[in-house]
Structures are given as C-alpha cells and as structure tokens.
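A look at the structure
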Amino acid sequence: MNSNRNKWNINTKLNHPVEVILHEGNKPLVQPIYQSAKFAPTENVPYWDQFIYSRVSNPTTRQLELTLAEIQNREDCIVLGSGMAALTATFLALLQSGDHIITFRELYKPARTYIREFLPRYQIENTVLSLSRIDELEAAIIPGKTKLIHFESPSNPNLDIADIDHILAIARKFGVLVSMDGTFAGLHQHTGFDIDVMIHSLTKFANGHGDVIAGSVAGKGQLIKKIREMSIYIGATPDPHSCYLVERGLKTYMLRYERQTQTSLKIAEFLSTHPKVKNVRYPGLLSHSGHELAKKQMKDMGAVIAFEIDESVALSADKFCHQLKLIQLTVSIGSTESIICSTGLFFAQDLAPEDQREMGINNFSLRLSIGLEDAQDLIQDLKQALD
Ligand SMILES: *Cc1c(COP(=O)(O)O)cnc(C)c1O
C-alpha cells in the first residue's frame, strides 16, 4: 500500500482508491473488466508496447479480439463500437480517393447507403451488382481502380447466398481485396475461405442477448493493422464493459446457434406448409434458390427466415407484426427473443421499385429472427396471427 495514504485527505483518498494486488498465480477464472481509460506505463517496457489509452487499446477489448481471431481462423481482429463502425473503418482504411468498390444490392441498408451516399464524398466510386447475376462481376472490375469487393452471405434481409469461390477467383485474378459481412451466418462459419477481411456485427449472434452494440473485423494481419490505425482517429472505440459482455455471451454462442438453427428449420417448414404464406426463404429449405450453394459453404443454415404473407391475412406486413403476441416487432437479429419486422419498411426504401420486385421485397414481406423460445410456442403465435 502507498505509505503516504494515511496523510491524505478524503478527496485524495477517494480519487486514488486502494489497489488490490493478487499474488502471482492467484488468478480469477474470468478476466476482470479493465474499465479504465488510462494505464500508467512502466519504465521498463517501451511505452508503445503497453496499454496507455483505451481508445487505442485495452486488455478487456484485446481479449475479445484474440478470441474472435482464434475462432474465425484469422491472423488478427479489431473490435469496434458497432457493426457499422467495423464496416466504415474498413472502407476508409482500405480505400483512397480515386478508388472503386464493387458491392451488391443484397446488402444491409445502412452499409449500402454508406457506400452509395458517403464514399463518393471522398471520390470513392461504386458499382452495385446483384448476387443473382454474379456473372456480371468480372466486367464490373475497373483494372487498377477497383480495390475492394464487399458482400454479405446470407444477405440481410432476404437470405441470398453469395458464390464465395467465384467472388474470390475474380478478385484474385485482378488483385482486388475482398471483404465479407458474415453477420447472418455467424462467427463459426466461412472460416476456411480466404476472405481478406471478415466483418461481423457483434450486436447479433456473438453477444446474442440483445444488450450490446459492437462490431469486429478479422483477417490478414497487415490489413487489420491498417484498420486499427484508421480506427484510432475515427474513435469508434467499444467500451470495455461491452467487450466483457460479448466475451461472456460467446461462451454459449454454439449452444445458442445450434438451438436457434434447429428451431428455425421447424418454423421455416411450418411456414412453407401454411396456405397463407408465400416465398419462404430459409437457406436450409430445399426450395431456397441458394440451398445447394449454402450446403457447400455453410455448416449451419442460421436463424433468420424471410417470407411473405397473403394479402388476406393483414393490410400489410407491418400490420401483421402487430397481430403477433409473443414474437416482438423490432429490428435486429440473433437475440434470445424472436424478432420480426417488415422488410419493405425497414430495409428497402432506398432501392428502386424494379430492384425491390426482383429481390422479392414488397408490402407483405417479412424478416423473422428466431430466438430461444420453444418452437411450438412460436408456431402457435404465427398460427393465431395467420388464421
Ligand atoms: C446489424 C448489421 C450490421 C450493423 O451492425 P450494428 O452493430 O447494428 O452497427 C451490419 N451488417 C449486417 C448484415 C447486419 O445485420
């Protein structure tokens, strides 16, 4: 204990609380939350190899990054304040003015908006293709200018499956980097693909309990280093407490994901047989156009289902959501509670009517994320609302 303590007055004592130091080898099984903005460096190690300021690095955050890199089979990982921060930091770090990015209309709406509306401010141009016409990818590449291809699989909100081998082959041919947003598939999938950077919204399956916003980018060490350098200036730093909660959530990640996948298949099958439901889109169903590709690329088919209700059921998809008593109307996915929302209302208003039509998004289309409730209770709730 600091020998000066007994001379200190109350305000000094309150602002320098007693330090509790553990004996060497006396370890907590769960690492403490380093809820500190600053760390006093030791003289004996170069300052830049130590933790000094939590916008730059923090031990709780670092533990989560190491967990995420390890389970995704990637060299390194950076955790940021949201999935969107992970996306924007990646784009800003890997692209410069004069560059060109290729992406797909089957994309999370805020990501599509950022690429289309905000990157052009930095003279970063874009081409937006369709995952269903992947053969147009090669022709869209502008040699020397195209630097990044960004895609999702399965895509938000309609569960389209990207042909990853094809995208990688074209990218390698032209020396273009590939970033994938794997949020819908989860952290344990696509780990064998040579994706340059894999982005996840940790808000979803990773944390899994609906009480944290965070995001991550995992991939090649040199690229993560660039993103880290950029992120220090963007400042979209996650709070150590959020990182602790994600680390805690991850302990049950596989259990949750497995159960949610099993329940999802049951719900998807129920919906497919209901006379007032159309176009059920779940990669685990034989009827899904991407089923074969999904089986090749994924171990588990996920916990998000898209479908359309018949016009006789409700005035709109949104009105239908209000007829449900258990399943909650809100955005987001990958939580303990099942969640539903209208895809037309929340995810497509920036898309041309022609694109919406081709993508199967309309006034009656829905996205349902399956939680940890019992399957029969969810089916009962859907049944009462449909009937
Ligand atoms: C939710 C989501 C994001 C954004 O993540 P936030 O943590 O909400 O910022 C990005 N991509 C996909 C596919 C998502 O579903």
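Residues numbered from 1 in each chain as written. Predicted model: local features only at pLDDT ≥ 70, side-chain atom pairs only at ≥ 80, totals over all residues. Heavy atoms only, no water.

What follows concerns the overall build of the protein. Scanning the protein from terminus to terminus reveals 14 helices and 12 strands. When its C-alpha atoms are laid out on the principal axes, the protein stretches across 80 × 55 × 35 Å. Within the protein, contacts between residues at least 6 apart in sequence are counted, and of these 72% link residues at least 24 apart. (Helix = DSSP H or I, 4+ residues; strand = E, 2+ residues; numbered from the N terminus. Contact = heavy atoms within 4.5 Å.)

Because the α-helix completes a turn every 3.6 residues, residues three or four places apart line up on one side. With 12 residues, helix α3 (residues 83-94) should cover 16 Å at 1.5 Å per step; its first-to-last C-alpha distance of 17 Å lies within 8% of that length. By the criterion of burial, α3 is predominantly enclosed, with 10 of the 12 residues buried. Those residues of α3 lying buried are Gly83, Ala85, Ala86, Leu87, Thr88, Ala89, Thr90, Phe91, Ala93 and Leu94. Residue Ser82 occupies the N-cap position of α3, its side-chain oxygen lying 3.4 Å from the main-chain nitrogen of Met84. (Expected span 1.5 Å × (residues − 1). Buried < 20%, exposed > 50% of the residue type's maximum accessible area, 1.4 Å probe, protein only. Polar contact = N/O pair within 3.5 Å; in protein donor to acceptor, adjacent residues only side chain to side chain.)

What surrounds the ligand is a group of 14 residues, the closest being Gly83, Met84, Asp181, Thr203 and Lys204. Within the side chain of Asn156, one N or O atom sits 3.2 Å away from an oxygen atom of the ligand. Within the side chain of Thr203, a nitrogen or oxygen atom sits 2.6 Å from an oxygen atom of the ligand. Considering the ligand on its own, with 380 Å² of exposed area, one finds that the protein chains cover 92% of that surface. Examining the composition of the shell around the ligand, we find that 3 residues originate from one element, α3, more than from any other. Counted by class, the shell around the ligand contains 5 nonpolar, 6 polar and 3 charged residues. (Near = heavy atom within 4 Å. Areas by Shrake-Rupley, 256 points an atom, 1.4 Å probe, with all protein chains shown as cover. Nonpolar A, V, L, I, M, F, W, Y, C, P; charged D, E, K, R; others polar.)

What follows is about the packing of aromatic side chains. Applying the stated criterion across every chain yields a total of 8 aromatic pairs. Ring geometry for Tyr34 against Phe39: centres 6.4 Å apart, planes inclined by 45°, an arrangement best described as tilted. For Tyr34, a relative accessible area of 33% translates into the label partly exposed. Ring plane angle 20° and centroid distance 6.4 Å describe the contact between Phe91 and Tyr114, whose orientation is recorded as stacked. With a gap of 23 residues between them, Phe91 in helix α3 and Tyr114 in helix α4 (residues 109-118) connect regions that are remote in the sequence. Neither residue differs from the other here; Phe91 and Tyr114 are each classed as buried. (Phe/Tyr/Trp six-rings, centres within 6.5 Å; stacked < 30°, edge-to-face > 60°.)

Below, the discussion takes up the environment of Tyr233. Mapped onto the fold, Tyr233 is located in helix α7 (residues 221-234). When the C-alpha atoms of Tyr233 and Leu382 are compared, they prove to be 47 Å apart, with 149 residues separating the residues in sequence.

Further remarks concern the environment of Leu345. Mapped onto the secondary structure, Leu345 falls in helix α12 (residues 343-347). The spatial distance from the C-alpha of Leu345 to the C-alpha of Ala317 is 8.8 Å, given a sequence separation of 28 residues.

This part is about the sheet that holds strand β12 (residues 365-369). Spatial ordering of the open sheet is given by β8-β9-β12-β11-β10, a layout of 5 strands whose pairing is mixed. Each having just a single partner strand, β8 (277-281) and β10 (328-329) make up the two edges of the open sheet. The sheet contact formed by β10 and strand β11 (residues 339-342) spans 2 bridges and is parallel. What sits directly across from Gln328, in β11, is Ile339. Strands in contact with helix α9 (residues 253-273) are β8, β9 (304-309) and β12; relative to β9, the strand with the most contacts, it is inclined by about 15°. (Pairing = 2+ DSSP bridges. Axes fitted to C-alpha atoms, helices over the stretch in contact; angles between N-to-C directions.)

On to the domain arrangement of the protein, then. In terms of domain boundaries, the protein breaks down into domain 1 (47-250) and domain 2 (253-386). Each of domain 1 and domain 2 was reduced to a C-alpha centroid, and the two centroids are 25 Å apart. Of the residues lining the interface, 37 residues belong to domain 1; the matching set on domain 2 comes to 38 residues. Both sides of the domain 1 and domain 2 interface together cover about 3,200 Å² of buried area, and 54% of this is carbon and sulfur. Counting every contact that joins domain 1 to domain 2 gives 5 salt bridges. (Domains from an automatic or database assignment. Buried area = accessible area lost by both parts, 1.4 Å probe. Salt bridge = Lys/Arg side-chain N within 4 Å of Asp/Glu carboxyl O.)

Our focus in this paragraph is α7. Helix length check: α7, at 14 residues, gives a terminal C-alpha distance of 20 Å against a target of 20 Å (1.5 Å per residue), a fit within 8%. Among all positions of α7, only Leu223, Ile224, Ile227 and Ser231 are buried. For α7, the angular spread of buried residues about the axis comes to 95°, placing them on one side. Residues of α7 that are exposed and point over 90 degrees away from its buried face: Gln222 and Tyr233. (Arc of directions from axis to C-beta.)

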